[in-house]
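Here's the letter readout for the chains.
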Amino acid sequence: MTSAVPFELPEAALARFRDILGDDAVHVDEAQRDEYRDPYWYQPDRTYDSSAVLYPSSTEQVQEIVRVAGEYGVPLWTSSQGRNNGYGGPSGRVKGSVLISFRRMNKVLEINHDLAYAVVEPGARWFDLYDALQESGNDDLLVSITDIGWGSVIGNSLDNGITYMPLGADFMAPTGMEVVLADGSLLRTGMGAMPGNKAWHTYKRGLGPTLDPLFTQSNFGIVTKMGFWLMPKPEAYAPLLMTIPRNDQLGQAVDIMRELRLEGTLRGVPSFYNIVAMAWQFPELGEYKGGKGIIPEEELDRMARDSGLGRWLMRGASWGPAEVVEAQVKRIKERWAEIEGSNVQHSTTYTRDNWGPFELLPDKIQAGVPSMDMANLVPEGIGHIGFSPVVPLLGSEVVKVERMMSEFIETRQNDNLSAGALVINDRSLVFVCNMNLVLDDEAQVKRSFDTVREMVKAFGAEGYGEYRAHIDFQDDAAEQYSFGDHAYRRFVEKIKDAVDPQGILSPGRHGIWPANRRP
Ligand SMILES: Cc1cc2nc3c(=O)[nH]c(=O)nc-3n(C[C@H](O)[C@H](O)[C@H](O)COP(=O)(O)OP(=O)(O)OC[C@H]3O[C@@H](n4cnc5c(N)ncnc54)[C@H](O)[C@@H]3O)c2cc1C
């Protein structure tokens, strides 16, 4: 692909950015720019270097930046917190891109208590929204969060990131955006297109085509404001840990999950992890951290048995009125008992008057309490990348994908599959194959990326596509969506050319290249 030809930032454009933002909001030194790149990358490799990082503090400044970029043909790459580690972080697809960081635009602009939503600026993190709810007397509203709290509500949402409470299912929470377009004009989506409309952040559509999803995983605009739905604190909350003792019970467990979801008993985004993935979190699994060759099946079974965690462990929860939660937990336990030797651990039902503290990390996450606990488990010098296809919520499908992935990881990486599956809705899950990177080992990092690239193609051929991809293999992942001789790609390219004729907004994001960079 020749599309990613590096860009050299003209001095005149840099001077204009400084005029708009002031010197302290324009970082060009290598050391400063290096603070704003993916730590999960072989650092001496400068393929995705930036030429400057800009820190706007207002929407008007963003509009001015975009206009200057248009004049000079500067490729801009926007991130919100820029902590998309393992997907390229804040780095642009094109070397020499100018990065826009929203870390200085991090306000929670509005909290609507009765309608249970908030409106945030792009830099607002899960921590910021959580704190704003506590400090404004709205601690009876909960926000569906990711595993770690330092990412932003908007940045994570714009990469189809996954959160775990009921509003995380099917990416339901984001609603109503304000977007700076490539010509510097400002667009409001949905009902927000009507000046003064009262229902902007409460109704997912508008009149005519719905635009919000067009700004996720795309490069059609820069989002400067967004609504995010919140959940009133329920009367009761029961976090659950559910074991799957043997690997050959995975299919049966997935089918039970589907039935529990389709009947409305199991809500939110439950997620389950295999024993190798769990080794990071549970000291009782011993020193296993991967990279020491393949652990035989019998040994994995022994670890599963001795720890009592099973070959797979699912975290899920029930939220709602006390009687409903009690009935749901009972039903889940009954159905799960069909899996021989399994158990459902349910130690506490939290209530509004007895809301934490939460000791276990899964309990915190599913109650919307952000932390850095999970990030702190990642040892120094280790990173990861994921290969994460979407799989129908059928036992037979999930088993097939698990087998295929294991074979790849064992033969290419000489390691065991470390996997998690996030049940994003009632009919599908995102199956994350997590590959650890030894960050100072160039050959190991390169081999891991090569393996993912190979998996992207092999799984694509079998009908499984990525839900989100690292910048380094976004072209390969997008290439798999080729029905009708790439009818989808041609369609999004037409939109790209119409809304961003100079191709300045995040060229190459998820395989969408502007006309001036297409081979
Ligand atoms: C231990 C660990 C656990 C994790 N757990 C989760 C998890 O549970 N769920 C999950 O989804 N991820 C998870 N991640 C991945 C990642 O850390 C999070 O998704 C993180 O929240 C990303 O948020 P961010 O604000 O840094 O995104 P950003 O890096 O700011 O944004 C991501 C991408 O979205 C686009 N973008 C961002 N802002 C804008 C904007 N304003 N306008 C236009 N485009 C924009 C850009 O292309 C950008 O590259 C995890 C990572 C680690 C290391």
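Residues numbered from 1 in each chain as written. Predicted model: local features only at pLDDT ≥ 70, side-chain atom pairs only at ≥ 80, totals over all residues.

> Which residues make up the site of the ligand, and what values go with them?
The ligand sits among 31 residues. The nearest are Arg-83, Asn-84, Gly-151, Gly-155 and Gly-161. Counted by class, the shell around the ligand contains 12 nonpolar, 15 polar and four charged residues. (Near = placed C-beta within 6 Å. Nonpolar A, V, L, I, M, F, W, Y, C, P; charged D, E, K, R; others polar.)

> Please provide a residue-by-residue account of the sheet that holds strand S4 (residues 97-101), values included.
Across the sheet, four strands lie side by side as S1-S2-S4-S3; this open sheet has mixed pairing. The sheet terminates laterally at strand S1 (26-27) and strand S3 (76-79), the two strands that pair on one side only. Here S3 runs beside S4; their pairing, made up of four bridges, is parallel. Note that in S4 the partner of Thr-78 across the bridge is Ile-100. Across the sheet, helix H1 (residues 11-21) is in contact with S1 and strand S2 (50-54); its angle to S2 comes to roughly 15°. (Pairing = 2+ DSSP bridges. Helix = DSSP H or I, 4+ residues; strand = E, 2+ residues; numbered from the N terminus. Contact = placed C-beta atoms within 7 Å. Axes fitted to C-alpha atoms, helices over the stretch in contact; angles between N-to-C directions.)

> Would you mind going over the sheet that holds strand S8 (residues 174-180) in detail, with residue names and values included?
Strand order across the open sheet formed by five strands is S5-S6-S10-S8-S9, with antiparallel pairing between neighbours. Whereas interior strands pair on both sides, the edge strands pair on one side only; in this sheet they are strand S5 (108-112) and strand S9 (186-188). Strand after strand, the sheet turns through a mean of 15° between neighbouring axes, direction not considered. Bridging between S5 and strand S6 (residues 117-120) involves four bridges; their strand directions are antiparallel. Its bridge partner being in S6, Ile-111 is matched across the sheet by Ala-118.

> How would you explain the environment of Val-324 if you had to name every residue and give the values?
Along the polypeptide, Val-324 turns up in helix H9 (residues 322-336). On the neighbour-count criterion, Val-324 (15 C-beta atoms within 10 Å) is partly exposed. When the C-alpha atoms of Val-324 and Asn-354 are compared, they prove to be 18 Å apart, with 30 residues separating the residues in sequence. (Buried ≥ 20, exposed ≤ 12 C-beta atoms within 10 Å, placed from the backbone.)

> Any chance you could break down the nonpolar core for me, citing the residues and the numbers?
Within the largest apolar cluster, 127 residues are counted, with the highest numbers of intra-cluster contacts made by Val-120, Leu-129, Ala-421 and Phe-431. In this view, Leu-129 contacts Val-108, Ala-118, Val-120, Ala-124, Val-143 and Val-153; residues no more than four positions away in its chain are not counted. (Core = buried A, V, L, I, M, F, W, Y, C linked by C-beta atoms within 7 Å.)

> So, helix H4 (residues 126-135): which residues are in play, and what are the values?
Of all the residues in H4, the buried ones are Trp-126, Asp-128, Leu-129, Tyr-130 and Leu-133. Where H4 is buried, its residues touch S5, S6, strand S7 (141-142) and helix H5 (153-158). Taken from the residues just after H4, Gly-137 is the one with a positive phi, measuring 75°.

> Explain the domain arrangement of the protein to me, and be specific about the residues and the numbers.
Assigned domains of the protein: these are domain 1 (11-104), domain 2 (108-232) and domain 3 (236-470). Computed over C-alpha atoms, the centres of domain 2 and domain 3 are 27 Å apart. Sort the elements by how many residues they give to the side of domain 2 that touches domain 3 and H4 lands first, with three residues. Among the residues forming the side of domain 2 that touches domain 3, the class breakdown is 13 nonpolar, five polar and three charged. (Domains from an automatic or database assignment.)

> Please provide a residue-by-residue account of unusual backbone geometry, values included.
Outside of glycine, negative phi angles account for most residues, and trans bonds account for most peptide bonds. Here the amide bond leading from Gly-356 into Pro-357 is cis, since omega sits at 0°, within 30 degrees of zero. Its place among the elements puts Pro-357 in the loop between strand S16 (350-351) and helix H10 (361-365). Backbone geometry places Gln-217, a non-glycine residue, at a positive phi of 50°. Structurally, Gln-217 is set in the loop between S9 and strand S10 (222-229). One non-glycine residue, His-486, lies in the positive phi region at around 65°. With respect to the secondary-structure elements, His-486 resides in helix H15 (residues 483-499).

> Quick rundown of helix H3 (residues 59-72)? Include the residues and the values.
The end-to-end C-alpha distance of H3 is 20 Å, a good match for the 20 Å that 14 residues give at a rise of 1.5 Å each. Those residues of H3 lying buried are Gln-61, Val-62, Ile-65, Val-66, Val-68 and Ala-69. Projected onto a plane normal to the axis of H3, the buried residues spread over an arc of 165° and lie on a single side. Residues of H3 that are buried in the fold lie against H1, S2, S3, S4, S8 and S10. Two residues or fewer after H3 comes Gly-73, characterised by a positive phi angle close to 65°. (Expected span 1.5 Å × (residues − 1). Arc of directions from axis to C-beta.)

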